[in-house]
Each structure stands twice: as structure tokens, then as C-alpha cells.
Amino acid sequence: MTTLTLENDALTTAAPRSLRTECAELTADQFHDRYGECAGPIRLARWSSTGARGGAFTATLEFAGWSRSVVAAGSPIAAMTSALYEAGYPVEILRFHQRRTAAGTATFVQCESDGRRGWGAALAADGAESSVRAMIASVNRLGALR
């Protein structure tokens, strides 16, 4: 069993009940491929954080052909929602679920854009980074549903 498979197992078991029910037939790797940080128009190029709850963070997002840095304090979800909107990706957060696991913080975000809904999932060392990565996964997945 590889480290990736162990992390994928942690991500799958930390998922909210409604998402686990929806994906009951998927293996941990299939779950990660569907809801994790898949290929898409947005990528988290760089991340740094003070590590303190409610602290400051810097995220550099790469879009097709350009990048944007977001520097914020407090809620990474609010900062990412604004940054994505300004970049042409308006999203609404419908559900948010976060849980500490032995492998890190698992975050699950269900977003909606243009009437389409999609979950994104991520596992990272801290909750802020995990939140940002899950949002990107969700928005990328919404783009794949077009």
C-alpha cells in the first residue's frame, strides 16, 4: 500500500455521510480521482500560512495563462470566493465539512456555479490550506461538468 493510498483512505473515511453514501461503490483511489485535486483550469501554485487559527496566508493561483496572488487574514474561504469571482469563476458554497485525521486536515466543499453542483475534497497539513485546495478541486470539477 502506498502513501497516496493511505492518504486517499483517510480522505474517504473523513467524508461527510451524504458524500460517502453517494460514493459507496468507489475505491479510495477512485474517490480521490473524482473529488480530489484533479486537472482543471485552476491550480494552487504556492501556499504559505502563519499556521495560527485565523492567521494570515498567501495563495498563488494559476489560471490558464496567468496567475494571481491572494493575501488575506482570517477566512480562507471568504478570500478564495472573492478571488475566484474576480477571476471569472463565481461560486457559492453550499456545504462545508472539515475533519482532522491522522494524515492531516480533510476538507470537503460542495460548490454551485451556473446551476451545477460539485464536491471537492482535499487533505493538507492545516485547515486553511485544505480548505483552499478543496475549493479549487470543486471549481475544477464544476468546469469538467460543463
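Scroll up a little and you will see the structure.
Residues numbered from 1 in each chain as written. Predicted model: local features only at pLDDT ≥ 70, side-chain atom pairs only at ≥ 80, totals over all residues. Heavy atoms only, no water.

Participant: Would you mind going over the overall build of the chain with me for this structure?
Facilitator: The helix and strand inventory of the chain stands at 5 helices and 6 strands. In the chain, the succession of α and β elements from N to C terminus is α-α-α-β-β-β-α-β-β-β-α. In the chain, which comprises 146 residues, the proportion classed as buried is 45%. A separation of at least 24 residues holds for 40% of the contacts in the chain among residues at least 6 apart in sequence. (Helix = DSSP H or I, 4+ residues; strand = E, 2+ residues; numbered from the N terminus. Buried < 20%, exposed > 50% of the residue type's maximum accessible area, 1.4 Å probe, protein only. Contact = heavy atoms within 4.5 Å.)

Participant: Please clarify how the pairing of strand β5 (residues 104-113) should be interpreted in this entry.
Facilitator: Look at any regular strand and the pattern is simple: side chains alternate between the two faces of the sheet. Most of β5 sits inside the fold, with 9 of its 10 residues counted as buried. Note that strand β4 (residues 92-101) and β5 share 9 bridges and pair antiparallel. The residue of β5 that forms the bridge with F96 is V109. Hairpin connection from β4 to β5: 2 residues lie between these consecutive antiparallel strands. Here β5 pairs with strand β6 (residues 116-124) via 9 bridges, running antiparallel. Bridge pairing in β6 links V109 to G120. Counting the residues in the hairpin turn of β5 and β6 gives 2 residues, including D114, whose phi is positive at 50 degrees. (Pairing = 2+ DSSP bridges.)

Participant: Got a minute to help me understand the pattern of salt bridges in this structure?
Facilitator: A side chain with one charge may pair with a side chain of the opposite charge, provided their charged atoms come close. All chains considered together, the criterion is met by 5 salt bridges. Its salt-bridge partner being E129, residue R133 comes within 2.8 Å of it at the nearest N-O pair. Note that R133 and E129 are positioned in helix α5 (residues 127-144) at a spacing of 4 residues, about one turn of the helix. A residue is classified by how much of its surface remains accessible, and R133, at 19% relative accessible area, is buried. Here E129 falls in the buried class, since its relative accessible area comes to 14%. Connected through salt bridges with shared partners, the residues E37, E129 and R133 form a single ionic network. (Salt bridge = Lys/Arg side-chain N within 4 Å of Asp/Glu carboxyl O.)

Participant: Looking at this model, I keep getting lost on the sheet that holds β6. Mind explaining?
Facilitator: Working definition: the strands of a sheet are paired by backbone hydrogen bonds and lie parallel or antiparallel to each other. Strand order across the open sheet formed by 3 strands is β4-β5-β6, with antiparallel pairing between neighbours. Both outer strands of the open sheet, β4 and β6, are each paired with one neighbouring strand and no more. Each strand of the sheet is rotated relative to its neighbour by a mean of 15 degrees, with strand direction disregarded. (Axes fitted to C-alpha atoms, helices over the stretch in contact; angles between N-to-C directions.)

Participant: Would you mind showing me how to read the sheet that holds strand β3 (residues 66-73) here?
Facilitator: The 3 strands lie next to each other as β1-β2-β3, forming an open sheet whose pairing is antiparallel. One side of each edge strand has no neighbouring strand; the edge strands of this open sheet are β1 (43-49) and β3. Direction aside, neighbouring strands of the sheet carry axes that sit 15 degrees apart on average.

Participant: Would you mind showing me how to read the packing of aromatic side chains here?
Facilitator: In this description, a pair of aromatic rings is defined by centroid distance and the angle of the planes. All chains considered together, the criterion is met by 4 aromatic pairs. Between the aromatic rings of F31 and Y35, the centroid separation amounts to 5.0 Å while the plane-to-plane angle is 45 degrees, which identifies the pairing as tilted. Note that F31 and Y35 are positioned in helix α3 (residues 28-35) at a spacing of 4 residues, about one turn of the helix. The class of Y35 is buried, set by a relative accessible area of 1%. Their ring planes at 20 degrees and their centres at 4.5 Å tell us that F63 and W66 sit as a pair that is stacked. Ring-pair connections join several aromatic residues into one group, and the members of that group are F63, W66 and Y89. (Phe/Tyr/Trp six-rings, centres within 6.5 Å; stacked < 30°, edge-to-face > 60°.)

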